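# Overview (structure and organization)
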Amino acid sequence: MKIKTLILILIACCLLMSACERPVKAKEHKAITAQIDACMAELFNDAEKLQTSALEKYLDDGPTARFYMGARMYRKAALLQEIKKTYAAYTGQKLVVIDPRAYVVSRRGVVWTAQVSSLATDKDGVEHPNALSETWLWQKKGEYWRVTHFSEAWVNK
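I will try to describe carefully the structure that is included in this document. (Residues numbered from 1 in each chain as written. Predicted model: local features only at pLDDT ≥ 70, side-chain atom pairs only at ≥ 80, totals over all residues. Heavy atoms only, no water.)

### Quick notes on the side chain of Asp 122
Of note, Asp 122 is situated in strand S4 (residues 109-122). One buried charged residue, Asp 122, remains without a salt bridge, the closest side chain of opposite sign being Lys 123 at 9.7 Å. A polar atom in the side chain of Asp 122 sits 2.9 Å from the backbone nitrogen of Asp 124. For Asp 122, the residues in contact, after removing those within four places along its chain, are Ala 89, Tyr 90, Thr 91 and His 128. (Helix = DSSP H or I, 4+ residues; strand = E, 2+ residues; numbered from the N terminus. Buried < 20%, exposed > 50% of the residue type's maximum accessible area, 1.4 Å probe, protein only. Lys, Arg positive; Asp, Glu negative; His and termini not counted. Salt bridge = Lys/Arg side-chain N within 4 Å of Asp/Glu carboxyl O. Polar contact = N/O pair within 3.5 Å; in protein donor to acceptor, adjacent residues only side chain to side chain. Contact = heavy atoms within 4.5 Å.)

Printed below as a string of structure tokens:
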């Protein structure tokens, strides 16, 4: 009886240990951070050109994905529509990313944060400065990184 109990305990321990994800090593951490930084650079380059193709590529359209701009919550389609409407009023935009940080939570999850300084120019040539605080939750789905949560708070609106 004791041997059976010991075997069951050992099997349970092995199962528990195999279910735990091993820690992200420094080399993996660096590679994951580089991937997310490249995705974020693509998103910001697109935004400076007043385009949404990178957002369309990376935003997740799953049922749990939520995106916040200001105090409003959006799903993917509604957010893209709102951003396109905003971009239509401008002729250009300059973004400066301040203190970007990628926090690697696991091999399949990263939280990216930064302060962003924005200077948009409307069709009348009037400049609209803005300061933003941004948080992006990236999750690896299959082989691709997707944004499943985004929060942008306007500091001076």
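### A closer look at the nonpolar core
Met 40, Leu 43, Val 110, Trp 112, Trp 136, Trp 138 and Val 147 are the most contacted members of the largest nonpolar core, which totals 35 residues. Looking at this core, the elements with two or more residues in it are helix H2 (26-48), helix H3 (53-58), strand S1 (66-69), helix H4 (76-88), strand S3 (90-106), S4, strand S5 (127-141) and strand S6 (144-154). It is H2 that provides the largest number of residues to this core, a total of seven residues. Apart from residues lying up to four places away in sequence, Leu 43 is in contact with Ala 54, Leu 55, Tyr 58, Trp 136 and Trp 138. (Core = buried A, V, L, I, M, F, W, Y, C linked by side-chain atoms within 4.5 Å.)

### Topic: H2
Compared with the 33 Å implied by 1.5 Å per residue over 23 residues, the 32 Å span of H2 between its first and last C-alpha is a close match. When we look at burial in H2, the residues that qualify are Ile 32, Thr 33, Ile 36, Cys 39, Met 40, Leu 43, Phe 44, Asp 46 and Ala 47. At its buried positions, H2 is contacted by H3, H4, S3, S4, S5 and S6. Downstream of H2 by one or two residues, Leu 50 has phi in the positive range, about 60°. (Expected span 1.5 Å × (residues − 1).)

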